[in-house]
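# Structure at a glance
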Amino acid sequence: MTDDRGVSNGTETPDLTAVADHQARIAALLTTTPVESRPVAECLGLALAEDVVSPIPLPPFDNSAMDGYALRSVDVAEAAEDQPVELPVSEDVPAGRIDVPPLQPGTAHRIMTGAQMPSGADAVVPVERTDGGTERVRVRASAQPGAHVRRAGEDVTTGATVIPAGATLTPARLGLASAVGIETLRVRRPVRVLVLSTGSELVAPGSPLRPGQIYESNGLMLATAVRAAGGEARLLRFVPDDVQAFHTALAPHLDSTDLVLTSGGVSAGAYEVVKDALRGNGIEFTKVAMQPGMPQGAGRYRGGPTVVTLPGNPVSAMVSFEVFVRPALRGASGHDDVRRPVRRAVLTEPLTAPRGKRQYRRGLFDPSTESVTLQGGPGSHLLSALADANCLLEIPEDTTEVPAGSTVDVMLLD
Ligand SMILES: Nc1nc2c(c(=O)[nH]1)N[C@H]1C(S)=C(S)[C@@H](COP(=O)(O)OP(=O)(O)OC[C@H]3O[C@@H](n4cnc5c(N)ncnc54)[C@H](O)[C@@H]3O)O[C@H]1N2
Ligand code: MOO
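Just so we're clear, the structure is a prediction, and the values are computed from it rather than from any experiment.

## What to know about the site of ligand 2
As a matter of local geometry, ligand 2 sits amid nine residues, with Pro292, Met294, Asn313, Ser316 and Ser380 nearest to it. Taken together, the residues of the shell around ligand 2 break down into three nonpolar, six polar and no charged.

## Focus: the packing of helix α3 (residues 218–228) against helix α6 (residues 314–332)
The interhelical angle for the contact between α3 and α6, taken along N-to-C directions, is 25°, at an axis separation of 11 Å. Judged on the interaxial angle alone, α6 and α3 are roughly parallel. The two elements α3 and α6 cross, and the hand of that crossing is right-handed. Here Asn218, Met221, Leu222, Ala225 and Val226 of α3 come into contact with α6, specifically with Pro314, Ala317, Met318, Phe321 and Leu329.

## With respect to the domain arrangement of the chain
Domain annotation of the chain identifies domain 1 (19–33 + 190–332), domain 2 (39–58 + 162–188), domain 3 (63–150) and domain 4 (342–412). Taking the mean C-alpha position of each, domain 1 and domain 2 sit 32 Å from one another.

## As for the site of ligand 1
Around ligand 1, 26 residues are found, and the nearest of them are Asn218, Gly264, Ser267, Pro311 and Gly312. Secondary-structure elements contributing two or more residues to the shell around ligand 1 are α3 and α6. In terms of residue class, the shell around ligand 1 is built from nine nonpolar, 14 polar and three charged.

## A short note on the sheet that holds strand β16 (residues 259–263)
Read across the open sheet, the six strands follow the order β15-β12-β16-β20-β19-β17; overall the sheet is mixed. Each edge of the open sheet is held by one strand with a lone partner, namely β15 (232–239) and β17 (283–287). Neighbour-to-neighbour, the strand axes of this sheet turn through a mean angle of 15°, independent of strand direction. By the bridge criterion, five bridges tie β17 to strand β19 (residues 295–300) in an arrangement that is antiparallel. Residue pairing across strands places phenylalanine 285 opposite glycine 297, the latter belonging to β19.

## Quick notes on the sheet that holds strand β5 (residues 85–93)
Read across the open sheet, the five strands follow the order β7-β4-β6-β5-β8; overall the sheet is mixed. Each of the sheet's edge strands pairs with one partner strand only, and the pair in question is β7 (123–126) and β8 (136–139). The average angle at which neighbouring strand axes cross in this sheet is 40°, direction not considered. Bridging between strand β4 (residues 68–71) and β7 involves four bridges; their strand directions are antiparallel. Bridged to alanine 70 within β7 is valine 124.

## Side note on the packing of helix α1 (residues 19–29) against α6
Where α1 contacts α6, the axes come no closer than 9 Å and their chain directions differ by 35°. Every pair of crossing elements has a handedness; the one defined by α1 and α6 is right-handed. The residues of α6 that touch α1, namely those facing Val19, His22, Gln23, Ile26 and Ala27, are Val323, Phe324, Val325, Pro327, Ala328 and Gly331. Split into classes, the residues belonging to the contact of α1 with α6 amount to eight nonpolar, three polar and no charged.

## Examining the environment of methionine 318
Relative to the helices and strands, methionine 318 is located in helix α6. Between the alpha carbons of methionine 318 and serine 37 there is a distance of 32 Å; along the sequence they are 281 residues apart. Excluding residues within four positions of it along the chain, methionine 318 makes contact with Met221, Ala225 and Leu386.

## Digging into the nonpolar core
Judged by nonpolar contacts, the single largest core of 61 residues is most densely connected at Val195, Val226, Leu261 and Val308. Formed jointly, this core draws a minimum of three residues from each of two domains, domain 1 (19–33 + 190–332) and domain 4 (342–412). Residues in contact with valine 195, not counting those within four places in the same chain, are Gly219, Leu222, Ala223, Val226, Ala233, Leu235 and Leu261. Of all hydrophobic cores here, the second largest spans 21 residues; its members include Val76, Ala79, Val93 and Val137.

## So, the pairing of strand β6 (residues 108–111)
Here β6 shows two buried faces, one formed by Ala108 and Arg110 and the other by His109 and Ile111. Across three bridges, β4 lies against β6 in antiparallel orientation. Paired with alanine 70 across the bridge in β6 is histidine 109. Strand direction decides the pairing type here: β5 and β6, joined by four bridges, are parallel. Among the inter-strand pairings, glutamate 91 is bridged to a residue of β6, identified as histidine 109.

## Quick look at the pairing of strand β20 (residues 306–310)
The element β20 is extensively covered by neighbouring structure, given that five of its five residues are classed as buried. Taking every second residue as pointing to the same face, both faces of β20 are buried, with Thr306, Val308 and Leu310 on one and Val307 and Thr309 on the other. Where β16 and β20 come together, five bridges link them in parallel fashion. Across the sheet, residue valine 260 finds its bridge partner in β20, namely valine 307. Sheet topology note: the β19/β20 ladder contains four bridges and is antiparallel. Its bridge partner lying in β20, glycine 297 is registered against threonine 309. The antiparallel hairpin formed by β19 and β20 contains five residues in its connecting segment, where arginine 302 sits at a positive phi of about 50°.

What counts as what
Residues numbered from 1 in each chain as written. Chains lettered and ligands numbered in written order. Predicted model: local features only at pLDDT ≥ 70, side-chain atom pairs only at ≥ 80, totals over all residues. Near = placed C-beta within 6 Å. Nonpolar A, V, L, I, M, F, W, Y, C, P; charged D, E, K, R; others polar. Axes fitted to C-alpha atoms, helices over the stretch in contact; angles between N-to-C directions. Helix = DSSP H or I, 4+ residues; strand = E, 2+ residues; numbered from the N terminus. Parallel < 35°, antiparallel > 145°, perpendicular 65-115°, else oblique. Left-handed = near helix turned anticlockwise from the far one by under 90°. Contact = placed C-beta atoms within 7 Å. Domains from an automatic or database assignment. Pairing = 2+ DSSP bridges. Core = buried A, V, L, I, M, F, W, Y, C linked by C-beta atoms within 7 Å. Buried ≥ 20, exposed ≤ 12 C-beta atoms within 10 Å, placed from the backbone.

Okay, here's the thing in structure tokens:
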């Protein structure tokens, strides 16, 4: 049965699989990917497979934090704005100079940010507090020992684990790996996903729509969601609604695919090509106690790649991806943070939920007030509300009404 909001009410489905059981089933189907070496530049978003241990300290040497003058703090102890101390400038030390002579007492080296501190100097006076002289310099400020000096090893010590195995490689972590001199990283190979869309009603964005047709959107949405989760995705967008054509489309990709992700063609009607093609080929179909996202299927296609069939309604497809596929995909590719962060939030308006199903509603979480506002109704065709959302509210199976002001769990999305 479907109510007037376009939501299946679930009364027709007594035997439902628990969300946790279907999650576990999909996680078990995806095996951990092998470890490989990759250039650091190609590791964004991947999971590190082995700890990165720094072979050097960071900074590698004591260096100046400012453009100015390296000197001995005792030599400028009496310096003040109206009482400059004049010192001869004996050397110029730009960043990258490797032969920096020691500093003699009573002298200064002109020094640039990042340049090696000369031995004998214990402080830097910024150029703004001097007359900027190159032969002699008038210093108008005293300096504490250590002022504007960045000490070797104060960021990273030699032998320290700077990135732990399991960490997701962010730009800052890739920068850190480069900063300690590493060119290749040991990472888990991303899960290779083939995203496949079927449906005679689907046409390519950019071409005109005829009556009864819609633009294909799930394929692109799922393929990009896979990439955002650290997977590799190929997209086959318009597989004909024909069982033989479905097998033929799949065949060339079997050896190079870990996971086939379909959307649509799995509910109860006629013309359910995904179901017709996959049943009897290792895929089991079930109804999960969840809304949206009830019709689900999973298995191994003819003993080969894992297949997960997601429902065709766009919101159902994305919510199912978040709940079932993303955690399994991240787990299989070695990420420590498999699940989205969950926060508690105060609901700004009441909602109702179907008995016996876990409901995922789209919401806008405001971290400043720790509150959440619903985005759109529960209908699984309401894609624009999903696009406006930054979280999913997770309403437990046994809850049918949530009054305004109640606290609910929200799963934060990107
Ligand atoms: N008699 C029943 N009917 C339905 C049931 C049921 O249990 N009994 N379940 C409903 C629920 S819940 C869902 S969810 C959908 C799932 O249907 P399918 O997975 O078979 O998906 P389709 O029928 O192929 O499509 C559903 C909907 O989504 C649109 N769609 C499909 N693929 C795409 C795509 N690649 N891009 C954009 N939009 C897509 C399609 O046009 C349909 O509007 O079934 C209910 N029915
Ligand atoms: O409600 Mo379906 O379960 O739209 O995904």
